[in-house]
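Each chain, written out:
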Amino acid sequence: SAVISQKPSRDICQRGTSLTIQCQVDSQVTMMFWYRQQPGQSLTLIATANQGSEATYESGFVIDKFPISRPNLTFSTLTVSNMSPEDSSIYLCSARLAREQFFGPGTRLTVL
Amino acid sequence: AQSVTQLGSHVSVSEGALVLLRCNYSSSVPPYLFWYVQYPNQGLQLLLKYTSAATLVKGINGFEAEFKKSETSFHLTKPSAHMSDAAEYFCAVSDLFGNAGGTSYGKLTFGQGTILTVHP
C-alpha cells in the first residue's frame with residue numbers, strides 16, 4: 001500500500017493570493033492525481049501528473065490556474081492561483097500503486 | 001463518457017440493521033467499479049472493487065457489493081451496521097486501458113457520495 005501526506009491540512013486565504021499544496025507519497029509511483037471536492041459535491045479530477053512529463057488537465061481546469069509540479073516519483077505540488085471564494089474546496093492528492101489508487105487526507109481551503 | 005449516480009445523499013440506520021447504499025453507473029465499455037469510504041478528516045480508503053471477475057465482491061469491514069450488469073448497479077451492503085461505519089461512501093467507475101506496462105485502470109469518475117449515519 002501507499003501512505004500519502006499533504007501539507008497544509010487546511011488554510012484560510014484571501015482572494016487574489018495563491019496557495020501551494022504539497023503531496024508526499026511513501027512509495028515511488030508513476031501516476032499521481034489531484035482532485036477537488038467542493039462543498040456538498042463529489043470528487044472531480046483536476047489533472048494527472050506523471051513524473052517527467054507535463055500534467056494533463058481535465059476539461060474546465062487550466063494550467064495557469066492550477067499549475068502542478070512533479071519533480072520526482074514521490075512528490076507533487078498543486079498551486080491554486082489568484083484564488084476566489086469559488087476555489088474553497090478540499091483538494092486531494094492521489095497516487096496509483098500496484099493497480100490500486102490511494103488518497104491523501106486532503107487540504108481544506110477556505111478563500112475569503 | 002462514464003457517470004455514477006448514488007441514490008440518497010444521506011442514509012440513516014440503526015446499529016445492527018442492514019446497510020444498503022445504492023450505486024448505478026453508466027459506461028460505454030465494461031466498467032471497473034469501486035467503493036471508497038471517507039472518515040472525517042481522512043483520505044479515501046478503498047472498501048472493495050469489481051474488476052470483471054466474480055460479480056459478488058467482498059471487501060473490508062464486512063462490506064460487500066454485487067455487480068449487476070442488467071441493472072447497471074453496484075450496490076454496497078453490510079448485514080449489520082456498527083457505529084464505526086458512520087462515514088461518507090463514494091462509488092466510482094473506471095474503464096480499463098492498456099499501456100507499455102500492461103493494463104491499468106483509467107480515470108476514476110466518482111458519484112456524489114452518501115453519508116451514512118448509524119444510530120445506537
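Residues numbered from 1 in each chain as written. Chains lettered and ligands numbered in written order. Predicted model: local features only at pLDDT ≥ 70, side-chain atom pairs only at ≥ 80, totals over all residues. Heavy atoms only, no water.

1. Here's the deal with the overall build of chain B
Broken down by element type, chain B carries 0 helices and 13 strands. Here the C-alpha radius of gyration of chain B, 14 Å, is about what a compact globule of 120 residues would show, namely 14 Å. Across the 120 residues of chain B, 43% fall into the buried class. In chain B, the proportion of contacts linking residues at least 24 apart, taken out of those at least 6 apart, comes to 57%. Accessible surface computed for chain B: about 5,700 Å², of which carbon and sulfur atoms make up 54%. Taking the average place of the 7 positive charges on the side chains of chain B and the average place of its 7 negative ones, the gap between the two points comes to 6 Å. (Helix = DSSP H or I, 4+ residues; strand = E, 2+ residues; numbered from the N terminus. Rg over C-alpha atoms; globule rule 2.2 N^0.38 Å. Buried < 20%, exposed > 50% of the residue type's maximum accessible area, 1.4 Å probe, protein only. Contact = heavy atoms within 4.5 Å. Areas by Shrake-Rupley, 256 points an atom, 1.4 Å probe, with all protein chains shown as cover. Lys, Arg positive; Asp, Glu negative; His and termini not counted. Charge placed at Lys NZ, Arg CZ, Asp CG, Glu CD.)

2. Considerations on the interface of chain A and chain B
Taken residue by residue, the interface counts 17 residues in chain A and 22 residues in chain B. Interface of chain A and chain B: buried area, both sides summed, is about 1,500 Å²; carbon and sulfur atoms make up 49% of it. Ranking the residues of chain A by area buried against chain B places R96, R99 and F103 of chain A at the top, with a combined share of 35%. Joining chain A to chain B, the criterion identifies 0 salt bridges. In this structure, the connection of chain A to chain B is made through 2 residue pairs in polar contact (both at pLDDT 80 or more). (Buried area = accessible area lost by both parts, 1.4 Å probe. Salt bridge = Lys/Arg side-chain N within 4 Å of Asp/Glu carboxyl O. Polar contact = N/O pair within 3.5 Å; in protein donor to acceptor, adjacent residues only side chain to side chain.)

3. A few points about the packing of aromatic side chains
What the rule picks out here adds up to 13 aromatic pairs over all chains. Pairing F103 of chain A with F110 of chain B gives two aromatic rings, centres 5.9 Å apart and planes at 80 degrees, and the pair type is edge-to-face. Taken together, the residues span two chains, with F103 of chain A in strand β10 (residues 100-103) and F110 of chain B in strand β12 (residues 109-110). Among the residues examined, F103 of chain A registers a relative accessible area of 8% and is labelled buried. You can call F110 of chain B buried: its relative accessible area is 7%. (Phe/Tyr/Trp six-rings, centres within 6.5 Å; stacked < 30°, edge-to-face > 60°.)

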